[in-house]
Amino acid sequence: MNLAAAANETMAHNSNLLVYSAMAVYTLAFLAHMAEWVFGSRSKVGRTAAALTVQAKAPATAAARAGAGGSTGTAVLERPKVITRSVPGSRDVPDGPGAAGGTEKGDLYGRIAISLTVLAWALHVGGVVTRALSVQRAPWGNMYEFSTTFAAVAVGLFLLLLVLKKDVRWIGLPLVTSVLLDLGLAVSVLYTASDQLVPALHSYWLWIHVSCAIISGAALYLGAVSTGLFLFRDRHEAKLADPTGKQPGAFATSVLERLPSAASLDKFAYRINATVFPLWTFTIIAGAIWAEAAWGRYWGWDPKEVWSFITWVAYAGYLHARATAGWKGRKAAWLGLIAFACYLFNYYGVNIFVSGLHSYAGV
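Thresholds, definitions, all that
- Residues numbered from 1 in each chain as written.
- Predicted model: local features only at pLDDT ≥ 70, side-chain atom pairs only at ≥ 80, totals over all residues.
- Heavy atoms only, no water.
- Helix = DSSP H or I, 4+ residues; strand = E, 2+ residues; numbered from the N terminus.
- Expected span 1.5 Å × (residues − 1).
- Buried < 20%, exposed > 50% of the residue type's maximum accessible area, 1.4 Å probe, protein only.
- Contact = heavy atoms within 4.5 Å.
- Salt bridge = Lys/Arg side-chain N within 4 Å of Asp/Glu carboxyl O.
- Core = buried A, V, L, I, M, F, W, Y, C linked by side-chain atoms within 4.5 Å.
- Polar contact = N/O pair within 3.5 Å; in protein donor to acceptor, adjacent residues only side chain to side chain.
- Phe/Tyr/Trp six-rings, centres within 6.5 Å; stacked < 30°, edge-to-face > 60°.

Q: Explain helix α9 (residues 303–322) to me, please; I cannot follow it from the model alone.
A: Each α-helix winds once per 3.6 residues, and so residues spaced three or four apart point in a common direction. For α9, which comprises 20 residues, the first-to-last C-alpha distance of 28 Å matches the rise-based estimate of 28 Å (1.5 Å per residue) to within 8%. For α9, the full list of buried residues reads K304, E305, S308, T311, A314, Y315, Y318, L319, A321 and R322. Here the buried face of α9 lies against α6 (204–241), α8 (262–295) and α10 (330–353).

Q: Help me out: how do you make sense of the pattern of salt bridges in this one?
A: Pairing between side chains becomes possible if they bear opposite charge and their charged atoms approach one another. A complete count under the given rule lists nine salt bridges for this structure. Two residues, D107 and R111, come together in a salt bridge whose shortest N-O distance is 2.8 Å. Here R111 and D107 lie together in helix α3 (residues 104–135), a separation of four residues that amounts to about one turn. Since its relative accessible area comes to 53%, R111 is described here as exposed. Of the charged contacts in the structure, one is a salt bridge between D234 and R330, with a shortest N-O distance of 3.4 Å. Here the residue D234 occupies a position in helix α6, and R330 occupies one in helix α10, the gap between them amounting to 96 residues. The exposure class assigned to D234 is buried, which follows from its relative accessible area of 11%.

Q: Honestly, the nonpolar core in this entry has me stumped. Any pointers?
A: Soluble globular proteins: nonpolar side chains tend toward being buried together. By size, the foremost hydrophobic cluster in this structure holds 78 residues, and its most contacted members are Y26, W170, I171 and L175. Among the secondary structure elements, those contributing two or more residues to this core are α1 (9–40), α3, α4 (143–163), α5 (172–188), α6, α8, α9 and α10. Among residues more than four places away in sequence, those in contact with Y26 are T117, A120, W121, H124, V155, V176, V179, L180 and L183.

Q: Looking at this structure, I do not really get the side chain of S147. What am I missing?
A: Residue placement: S147 occurs in helix α4. Polar side-chain contacts of S147 include one of 2.7 Å to the side chain of Y347. Apart from the residues lying within four places of it in its own chain, the contact partners of S147 are D182, A186, L190, Y347 and Y348.

Q: Just to check I follow, could you spell out the packing of aromatic side chains for this structure?
A: For any two aromatic rings, the description comes down to two numbers: the centre-to-centre distance and the angle of the planes. On inspection of all chains with the given rule, the structure shows 17 aromatic pairs. With a centroid separation of 6.5 Å and 15 degrees between ring planes, the pair formed by F146 and F150 is classed as stacked. Of this pair, F146 and F150 are both found in helix α4, four residues apart, which corresponds to roughly one turn of the helix. A relative accessible area of 11% means that F146 is categorised as buried.

Right, here's the structure in full:
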């Protein structure tokens, strides 16, 4: 029967070559994304911020000299009021100029980075598909296959948002960085030779349950990136809004001024998490149905089941807190990051350190 068929070694070898090739191109994309931010830092945003700082000091001295003694014939420039935080009921703070920083050179490197990301993603998907063809099954039967597919879906969602004309190029650098780390861990630590699975996994529920888990996790990852950046941007805006406190440094200003506003980052993360939460709910339900078919019970307090439920509760708490006025902003953001940490532990921690019914797939 096909269940006992040996793996196609040629296909498996081609899969490995494609994954390594994708890593090489992702590395080039990473360098291009870095170049976009570096050259974008020399933007008019940074120059304007420096000019405003100089102008803010000079007029104060001139105004003090002029005092009540009338006009001195010198035009005194008042420090412009920079609106960095929205007040209740007002519009959001305008977003920054993006990763390119508003410069032509920065934008050029950004376009190169996206092109390289698309090429790497195509090679990456090819590696996942040939892995599936090598054993004629879903390509997520162990941690290596799950990790490579997870990364491919995350990049695919990012590219889909770009195709939909969403201004999310700022995700490119952290995304490509984490994808390289994920693939590096997959090929060096988690690698498992292409082979057939135990009979319990030969079910159409593998396609349904695990694919939903991967898509959910990839989307939740994008939400977690936005949430993490929100915490930095929100603190940056708070410092700018408090002239008596310590002002942010030049490097922090150069980077954070080009991100979307804190309100936009918060909104993006909330929308991503709220959109994918029903899919994560279905993932748990599908897993319970599969468990009944495989083990004769819907729920058995297996570690994987428990942590899937904990992750669900954490995201449910985040969405409830985010919808409650007193928990918007940083408190809800931290809860969102804790929820994603639960997802990561459910995958890495439970699979590696905890034994249970889900341990049959191996690493």
